[in-house]
Amino acid sequence: MTDAAHDDAGPAGARRAAAGQPPEPPGPVEIRLLGAPEIVAGTGPVELAGRPLALLAVLALSPGEPLPAETLTDRLWDPQDLPARPRATLQTYVARLRGALGAEVVETVRTGYRLAASRVTVDVDRFAELAARDLGASAGERHRDLSDALALWRGDPFHDVASGWLATEARRRLTAQYLDVLEEAADLDRQAGEPLRRLHDVRAACAAHPFRESLWSRLLLALQAAGRRAEALAEYERLRAGLAGELGVDPAPELRDLHSVLLRDGPAGGGPDPDVPRQLPADVTDFTGRESLLAALDARLPRDGGRSVVVLHGPGAVGKTTLAVHWAHRVQERFPGGTLYLNLRGFGPGPAASASEALTTMLGTLGVPAAAVPNDPDGAAALLRSKLSGRSTLLVFDNARDAEQLRPLLPASAACVVVTSRKTLRGLSARGEGEALAVRPLTEEESVALLREGLDEGFRAPEHASALTRLAQLTSGFPLAVRLVAENLRRHRAEGRDPAAALHAVGRELTDENSRLDALDADGDPLADLRAVFSWSYRALDDAAARMFRLVALHPAGGFGVPAAASLAALDVRTARRLLVRLVDASLLDVVAPDRYGMHDLLRAYAADLLRGDRAETDEALPRLLTWAVRSAYAATTTLRADLTQTDDGQRAPGAVVETFEDSAQASAWRRTEGEGLLRLVEDAVATPHRVAAGWLAIRLFDYIRAARMPEDAVRLSELVLRSLGGEGTGDLRGLLLNALAVGHARCGRIDTAERVLLEAREHLASHGTGHADMVVRGNLARVYALEGRGDEAVALARASSGTGAEPADRLTWDRLAALMDVYRELRHIPEMIAVADEMLAALGAVGGRRAAVTRYTRARGHLSLGRPDIAREDARLAVTGYLESGEPWRAAGALRLLGEIEAAAGNGPEAVAAWREALAIVDATGELDATDDLSRQLLIDYIAGVAAADASAGRASTVVAGPA
């Protein structure tokens, strides 16, 4: 007897089916799966149980999408439970569902069944809709959406369901989505000043998922924000002990850093001593953040009569003076000789202080009349050192122009000197005369806190938290800009607006990048006008450095390399590097990594303002930047995949620098470093006349997007570029963009849409494209047919050769076999897939590289699925080696994950854990994951935890704990 006889669709459904009257319920059927399953039709709850309920759940997870009978069979039954006639049993279950829910709720399609999307509402779909990031939404709207999504979650789904697939894979996927939403909501709670709002839920999730480190991070941050530091430290120790004791690994680096912050205690400051000179300007009443810099300054206090010189350098308006003065107020009681302050006026509306003027002022403070100051600067400097000797003095020199201006003022001993400057004053560090500390913009949380300090209670209501966060983001973390925003908000309040109206008005003023700096002026006060403050640094540049400053604003990324800057300016790399170093010294650029530079958003807005006065400069520079991007990405892909044929893109702007790569490791590192910036360049360039070049850049980034981004990103980018091109971009470009769009849809599960787009691409390429592009599209169409269960069509299309005859024979052979191997894998024709892989590897012979790695990985998966771990093992090991040699460590991590699964299947727990630990080390080191392989640090931790749990349940000594990896 099959299990169909044991399943019951429920009394109500049975009565309707027996009567032969499947009434249509008014309105859609509600299907709730985020907890114990609940089915509600127009007449009330519907009772379903057993495998009919499981079938409805499987269909409801993909409403509107056809699911082949083979897929439904795999998801409803484990192999040992498979009925004698699974298709007939499915038909029985479908009949029961139609009787219970309505005849049109479950539709028959060519290869299986589909849940009619118009006839049902599914809480899983609503949850996903609310959880999907809306780039245009405010933080408040996002917060509400996430709270609404979490309200749908009633508990772990699919307990006691008659489907192993639902109880494992589907539950894992839904639980992961819930945890992602919970974590993001916890972040927004904290930003809104409500860190404990979801503390119970986060604690419960940590208990249920004790090795999900991102959850623990939210728990610790919430406790920290609520001032419950001791509790946070105790929770960290619980996590650390669990990871070490159960898995033998340390917490992630981010958690260890957070632990260090929790351990840190800030020193107490002292009050002023009226018996010694204390010249410091008043401290601000709203000083916020800067904990790490305050600790760094504390660490540099001189000891035992010694001297320390610290240069706080950074761009104008970043808060250097405020930091120096605030810290000096905290520590000045340690200096019985007094606290001296002098503004050297290095950057400002007037002339800088000369050495003679500064020396005379300092000596006058120490009791030396002006007439007694030596006319010789060297003599005056010597007298100053003599007066300061042995006094144990704190000196603050503000706004220094350069090292030469500062050097005569430095004491020889028994002093602490703090200098602020827009330049790094590298000459001091080079000669051992001082140490530099960079002052960066405030973090987002610090900016929000500073903004709140300047506002009345009306702005502190929770509903305004998201708008305040957005305004803080628009200031780029420059304290002067934050305070100007607060002043604008106060002005709107004084004019009678309520907080919401004031926030809306100021937000509108700041959102327009072309006028943002206009909204951050100070009614003519040059010391508090951002554009004026920035101009003092800009006017100090020579012509070449000033031109470079303007041009790098065209690069949209947070960081850029020397070749990109050289291309923008049409210079050689050496000259470009010299100019970038000058801009760093002027604090107009930051060094974000070796040979990589960044520019803060407000400085970028200032540079863009300058560029708007010369459109010709922009029109000449942007094509050079795009040529660098397209041709360098081409070179990287060619280096990584020598087997890949690429269509010529025609991008050759004179003056552009094209990067080359000695090996796969270099190419891979370049793509990881530049990838996100290049995607932003595509998005910016499609709005310019250079949209065709932007389209080719999107094509060159196809492998990167597929490996490092989520499929919806690929869909969004492809659609954006295709819309911008309109009728432009014929030939291979349009066909390949359609192919990229289809791949994105397929990875999102929209197989029907992917098929339609691929057919459109084939139609276009038939009259405009090359055989190479047509073959790429044909292979993906064959894979889609396989996903749809159209096996014969898929195999036939994969076997077909190109109709153009324009490609090399070995290229045609390889592409056909690769597509055929993928088709057999999707069809689960594992023996046939392995046979094709055998043929491919035989054709390669001793040649290794990426082709062989991909094929061996696939063959290893096949042997493992057939229960042959001993045969699969060697292929997996060789795949790891091949990926590493090809410069794709994240794919090597995926192969190591597979190797661990093989060892686990063979009963080799320690070997499995070793492979997963090695994969974990790669993930921690590279930070780049193959999004198609569902690979993450958390997944690997879960695998290791699974072995530990199996050891514990079997009463074995742990095979996992061997010390941190």
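Residues numbered from 1 in each chain as written. Predicted model: local features only at pLDDT ≥ 70, side-chain atom pairs only at ≥ 80, totals over all residues. Heavy atoms only, no water.

### A short note on the overall build of the protein chain
Link 1 in the chain: When helices and strands are counted, the protein chain shows 42 helices and 15 strands.
Link 2 in the chain: Scored against the burial criterion, the 965 residues of the protein chain give a buried share of 53%.
Link 3 in the chain: In the protein chain, the proportion of contacts linking residues at least 24 apart, taken out of those at least 6 apart, comes to 68%.
Link 4 in the chain: Accessible area of the protein chain: about 40300 Å², with a carbon and sulfur share of 51%. (Helix = DSSP H or I, 4+ residues; strand = E, 2+ residues; numbered from the N terminus. Buried < 20%, exposed > 50% of the residue type's maximum accessible area, 1.4 Å probe, protein only. Contact = heavy atoms within 4.5 Å. Areas by Shrake-Rupley, 256 points an atom, 1.4 Å probe, with all protein chains shown as cover.)

### Description of the sheet that holds strand 1 (residues 29-32)
Link 1 in the chain: If you trace the four strands from one edge of the open sheet to the other, you get 3-2-1-7, paired in mixed fashion. Strand pairing shows two members of the sheet lacking a second neighbour, strand 3 (44-45) and strand 7 (120-122), which therefore form its edges.
Link 2 in the chain: Here three bridges tie strand 1 to strand 2 (residues 38-41), and the two strands are oriented antiparallel to one another. The residue of strand 2 that forms the bridge with R32 is E38. (Pairing = 2+ DSSP bridges.)

### Describing the packing of helix 3 (residues 69-76) against helix 4 (residues 86-101)
Packed helices, taken two at a time, are described by the angle between their axes plus the distance between the axes.
Link 1 in the chain: Between helix 3 and helix 4, whose axes approach to 10 Å, the crossing angle comes to 85 degrees. Classified by the angle their axes make, helix 3 and helix 4 are roughly perpendicular. Residue-level contacts link A69, E70, L72, T73 and L76 of helix 3 to P86, R87, L90 and Y93 of helix 4.
Link 2 in the chain: Tallied by class, the residues present in the contact of helix 3 with helix 4 amount to six nonpolar, one polar and two charged. (Axes fitted to C-alpha atoms, helices over the stretch in contact; angles between N-to-C directions. Parallel < 35°, antiparallel > 145°, perpendicular 65-115°, else oblique. Nonpolar A, V, L, I, M, F, W, Y, C, P; charged D, E, K, R; others polar.)

### What to know about the pairing of strand 14 (residues 590-593)
Link 1 in the chain: As paired strands, strand 14 and strand 15 (residues 596-598) are joined by three bridges and run antiparallel to one another. Bridge pairing in strand 15 links A593 to R596.

### Section: the environment of I941
Link 1 in the chain: Counting through the fold element by element, I941 comes out in helix 42 (residues 937-953).
Link 2 in the chain: Of the residues examined, I941 reaches a relative accessible area of 0% and is grouped as buried.
Link 3 in the chain: Considering only alpha carbons, one finds I941 and R917, 24 residues apart in sequence, at a separation of 8.5 Å.
Link 4 in the chain: For I941, the contacting residues outside a window of four places in its chain are F211, L247, V249 and L920.

### Overview of the pairing of strand 2
Link 1 in the chain: If you look at the hairpin formed by strand 1 and strand 2, you'll find five residues sitting between the two strands, and G35 has a positive phi there, around 140 degrees.
Link 2 in the chain: Relative to strand 3, strand 2 runs antiparallel, the two sharing two bridges. Bridge assignment links V40 to a residue of strand 3, and that residue is P45.
Link 3 in the chain: Where strand 2 hands over to strand 3, the hairpin turn is made up of two residues, counted between the paired strands.

### Structural notes on the nonpolar core
Link 1 in the chain: If you look at the biggest cluster of nonpolar residues, it comprises 162 residues, and the most contacted ones within it are L489 and L530.
Link 2 in the chain: By residue number, the principal contributor to this core is helix 27 (residues 615-640), which donates eleven residues.
Link 3 in the chain: If sequence neighbours within four positions are ignored, L489 has contacts with L451, L455, F459, L471, A502, L503 and V506.
Link 4 in the chain: Grouped together as the second largest cluster of nonpolar side chains are 107 residues, A69, V105, W153 and L221 included. (Core = buried A, V, L, I, M, F, W, Y, C linked by side-chain atoms within 4.5 Å.)

### Some details on helix 12 (residues 291-299)
Link 1 in the chain: Every buried residue belonging to helix 12 is among L293, L294, A296, L297 and D298, and all of these are buried.
Link 2 in the chain: Each element contacted by the buried residues of helix 12 is listed here: strand 8 (307-313), helix 13 (320-331) and strand 12 (435-438).

### Brief notes about the packing of aromatic side chains
Link 1 in the chain: For the structure shown, the criterion picks out twelve aromatic pairs.
Link 2 in the chain: Measuring from centroid to centroid gives 4.3 Å for W153 and Y178, while their planes differ by 10 degrees, and the two rings are stacked. Here W153, found in the loop between helix 6 (139-152) and helix 7 (164-191), pairs with Y178, found in helix 7; they are 25 residues apart in sequence, far enough to count as distant. Grouping residues by exposure puts W153 and Y178 together as buried.
Link 3 in the chain: Taken together, the aromatic side chains of F478, F534, Y538, F549 and Y606 make up a single cluster linked through ring pairs.
Link 4 in the chain: Just above the ring of Y634 sits the side chain of R631; from NZ or CZ to the centre is 4.5 Å. (Phe/Tyr/Trp six-rings, centres within 6.5 Å; stacked < 30°, edge-to-face > 60°. Lys NZ or Arg CZ within 6 Å of the ring centre and 35° of its normal.)

### Some points on the pattern of salt bridges
Link 1 in the chain: All chains considered together, the criterion is met by 61 salt bridges.
Link 2 in the chain: A salt bridge links E903 to R873; the shortest N-O distance between them is 2.9 Å. In this pair, E903 is assigned in helix 40 (residues 889-905) and R873 in helix 39 (residues 869-885), connecting sequence segments 30 residues apart.
Link 3 in the chain: Judged by its relative accessible area of 4%, E903 falls in the buried class.
Link 4 in the chain: Given a relative accessible area of 14%, R873 falls into the buried group.
Link 5 in the chain: Shared partners join several salt bridges into a network, and the residues in it are D180, E183, D187, R190, R212, R218 and E445. (Salt bridge = Lys/Arg side-chain N within 4 Å of Asp/Glu carboxyl O.)

### Points about unusual backbone geometry
Link 1 in the chain: Positive phi, normally seen in glycine, also occurs at R290, with a value near 65 degrees.
Link 2 in the chain: Among the secondary structure elements, R290 is positioned in the loop between helix 11 (253-263) and helix 12.
Link 3 in the chain: Owing to a relative accessible area of 7%, R290 belongs among the buried residues under this scheme.
Link 4 in the chain: The backbone phi angle of D595 is positive, close to 60 degrees, even though this residue is not glycine.
Link 5 in the chain: Secondary-structure assignment places D595 in the loop between strand 14 and strand 15.

### Examining empty space enclosed by the protein
Link 1 in the chain: In total, this model carries four cavities of 30 Å³ or more according to the counting rule given.
Link 2 in the chain: The volume enclosed by the largest cavity comes to roughly 100 Å³.
Link 3 in the chain: Those elements that provide at least two residues to the lining of the largest cavity are helix 29 (691-700), helix 30 (702-708), helix 31 (711-725) and helix 32 (732-747).
Link 4 in the chain: In terms of residue count, the dominant contributor to the lining of the largest cavity is helix 32 (five residues).
Link 5 in the chain: The residue inventory of the lining of the largest cavity, partitioned by class, reads nine nonpolar, two polar and two charged.
Link 6 in the chain: Around the second largest cavity, the lining residues are D286, F287, T288, R290, G319, T322, L323, L442, L450, P479 and R483.
Link 7 in the chain: Counting residues per element, the ones that place at least two in the lining of the second largest cavity are helix 13 and helix 20 (479-494).
Link 8 in the chain: Looking at the lining of the second largest cavity residue by residue, the class counts come to five nonpolar, three polar and three charged. (1 Å grid on protein atoms, 1.4 Å probe; cavity = no way out; pocket = protein on both sides within 12 Å on 5 of 7 lines; lining within 4 Å. Points joined across faces, edges and corners; volume = space filled by probe spheres on them.)

### Considerations on the sheet that holds strand 4 (residues 67-68)
Link 1 in the chain: Read from one edge to the other, the open sheet built from three strands follows the order 4-6-5, with strand pairing classed as antiparallel. Both outer strands of the open sheet, strand 4 and strand 5 (106-108), are each paired with one neighbouring strand and no more.
Link 2 in the chain: Relative to strand 6 (residues 112-115), strand 4 runs antiparallel, the two being bridged by two bridges. If you follow L67 over to strand 6, its bridge partner there is Y113.
Link 3 in the chain: Relative to the sheet, helix 4 contacts strand 5 and strand 6, its axis offset from that of strand 5 by approximately 135 degrees.

### Things to note about the confidence of the model for the protein chain
Link 1 in the chain: Summary statistics for the protein chain give a mean pLDDT of 83 and a share of 88% for residues scoring 70 or more.
Link 2 in the chain: The element-level mean pLDDT for the protein chain is lowest in helix 1 (residues 11-19), coming to 40, with helix 24 (residues 562-569) highest at 95.
Link 3 in the chain: Ignoring residues within four places in sequence, the model shows residues 1-26, a span with pLDDT below 50, making 46 contacts including any to other chains.
Link 4 in the chain: Counting contacts from residues 802-809, a segment whose pLDDT is below 50, to residues more than four positions away or on other chains yields ten contacts. (pLDDT = per-residue confidence, 0-100.)

### A look at the packing of helix 31 against helix 32
Link 1 in the chain: One way to put it is that helix 31 packs onto helix 32 with a least axis distance of 8 Å and a crossing angle of 150 degrees. Between helix 31 and helix 32, the angle is such that the two are roughly antiparallel. Every pair of crossing elements has a handedness; the one defined by helix 31 and helix 32 is left-handed. On helix 32, the residues that touch P711, A714, V715, S718, E719, V721, L722 and L725 of helix 31 are L733, R734, L737, L738, A740, L741, G744, H745 and R747.
Link 2 in the chain: Looking at the contact of helix 31 with helix 32 residue by residue, the classes come out as eleven nonpolar, three polar and three charged. (Left-handed = near helix turned anticlockwise from the far one by under 90°.)

### What about helix 31?
An α-helix turns once per 3.6 residues; consequently, residues spaced three or four apart project the same way.
Link 1 in the chain: Its 15 residues place the ends of helix 31 21 Å apart at the C-alpha level, agreeing with the 21 Å of an ideal helix rising 1.5 Å per residue.
Link 2 in the chain: Taken residue by residue, helix 31 has P711, A714, V715, L717, S718, V721, L722 and L725 as its buried positions.
Link 3 in the chain: G726 sits one or two positions beyond helix 31 and adopts a positive phi of about 55 degrees. (Expected span 1.5 Å × (residues − 1).)

### Concerning the environment of A282
Link 1 in the chain: Looking at where A282 falls in the secondary structure, it is placed in the loop between helix 11 and helix 12.
Link 2 in the chain: In contact with A282, other than residues within four places in its own chain, are V325 and H329.

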